[in-house]
Amino acid sequence: MGKAIELAVSELDTEMPRLIALRTKLINGILDKIPYARLNGDSEKRLPGNVNISFEFVEGESILLLLDMNDICASSGSACTSGSLDPSHVLLAIGLPHEKAHGSLRLTMGHFTKEEEVDYLLEKLPPIIERLRDMSPLYEAVKNKK
């Protein structure tokens, strides 16, 4: 454990800015490419490798299944409730409505995450969200009002 901490601290000055840059690219890319997406939490005051986004009119579990088919790992809840279908209690506590919390996606990056992987996610995620929304009667109603 001591050696792991020693290694982590020795790379802190380079690893944190790298993860923050990847996180910023991911957040901006998702928000730019996908309408009705919302960043959960502050854009700056968060862990360097953490992104949590809610997508209206879709279920998080459906997003996960389609991401998995593209070899992308993610979660729809908090790390402490992994395996549960309940929305994150943290998202509910910050006032996110239940239906929006259910459409959330948690993405975590770390030491081995490459920029190409962020690019791959930004390529695959928008059509996944669009596909799921095309099956949503709620989204259809929103589109018809425009």
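About the cut-offs
- Residues numbered from 1 in each chain as written.
- Predicted model: local features only at pLDDT ≥ 70, side-chain atom pairs only at ≥ 80, totals over all residues.
- Heavy atoms only, no water.
- Pairing = 2+ DSSP bridges.
- Helix = DSSP H or I, 4+ residues; strand = E, 2+ residues; numbered from the N terminus.
- Axes fitted to C-alpha atoms, helices over the stretch in contact; angles between N-to-C directions.
- Contact = heavy atoms within 4.5 Å.
- Buried < 20%, exposed > 50% of the residue type's maximum accessible area, 1.4 Å probe, protein only.
- pLDDT = per-residue confidence, 0-100.
- Core = buried A, V, L, I, M, F, W, Y, C linked by side-chain atoms within 4.5 Å.
- Expected span 1.5 Å × (residues − 1).

The subject of this paragraph is the sheet that holds strand β2 (residues 50-55). One open sheet holds the 3 strands; their spatial order is β1-β2-β3, and the pairing between them is antiparallel. Every other strand in the sheet has two partners, leaving β1 (37-39) and β3 (104-108) as the edge strands with one partner each. Between one strand axis and the next, the sheet turns through 25 degrees on average, direction left out of account. Examined bridge by bridge, β1 and β2 share 3 bridges and lie antiparallel to one another. Looking across to β2, one finds that L39 is bridged to I53. Packed on one face of the sheet, helix α2 (residues 12-33) meets β1, β2 and β3 and runs near 10 degrees to β2.

Once that is clear, we can look at the pairing of β2. Of all 6 residues in β2, 6 are buried; the element is thus mostly enclosed. Covered by surrounding structure in β2 are N50, N52 and S54 together with V51, I53 and F55, the residues of both alternating faces. The pairing of β2 with β3 spans 5 bridges and is antiparallel. When the sheet's bridge partners are listed, V51 is paired in β3 with L107.

With that settled, consider the confidence of the model for the protein. Chain-level statistics for the protein give a pLDDT mean of 88 and a share of 84% at 70 or above. Mean pLDDT across the elements of the protein ranges from a minimum in helix α4 (residues 89-93), with 65, to a maximum in helix α6 (residues 115-134), with 97.

The next point concerns the nonpolar core. Of all hydrophobic cores here, the largest spans 27 residues; its most connected members are L26, I30, F55, I63, L67, L105 and L125. When contributions to this core are tallied by element, the ones reaching two or more residues are α2, β1, β2, α3 (60-68), β3 and α6. The element that contributes the greatest number of residues to this core is α6, accounting for 7 residues. Dropping the residues within four chain positions of it, L67 is found in contact with I72, A74, L105, L121, L125 and I128.

To continue, consider α6. With 20 residues, α6 should cover 28 Å at 1.5 Å per step; its first-to-last C-alpha distance of 30 Å lies within 8% of that length. Considering only its buried residues, α6 is in contact with α2, β1, β2, α3, β3 and α7 (137-145).

Before going further, it helps to examine the environment of L65. Residue placement: L65 occurs in helix α3. Taking the C-alpha atoms as reference, L65 lies 9.9 Å from I128; in sequence the two are 63 residues apart.

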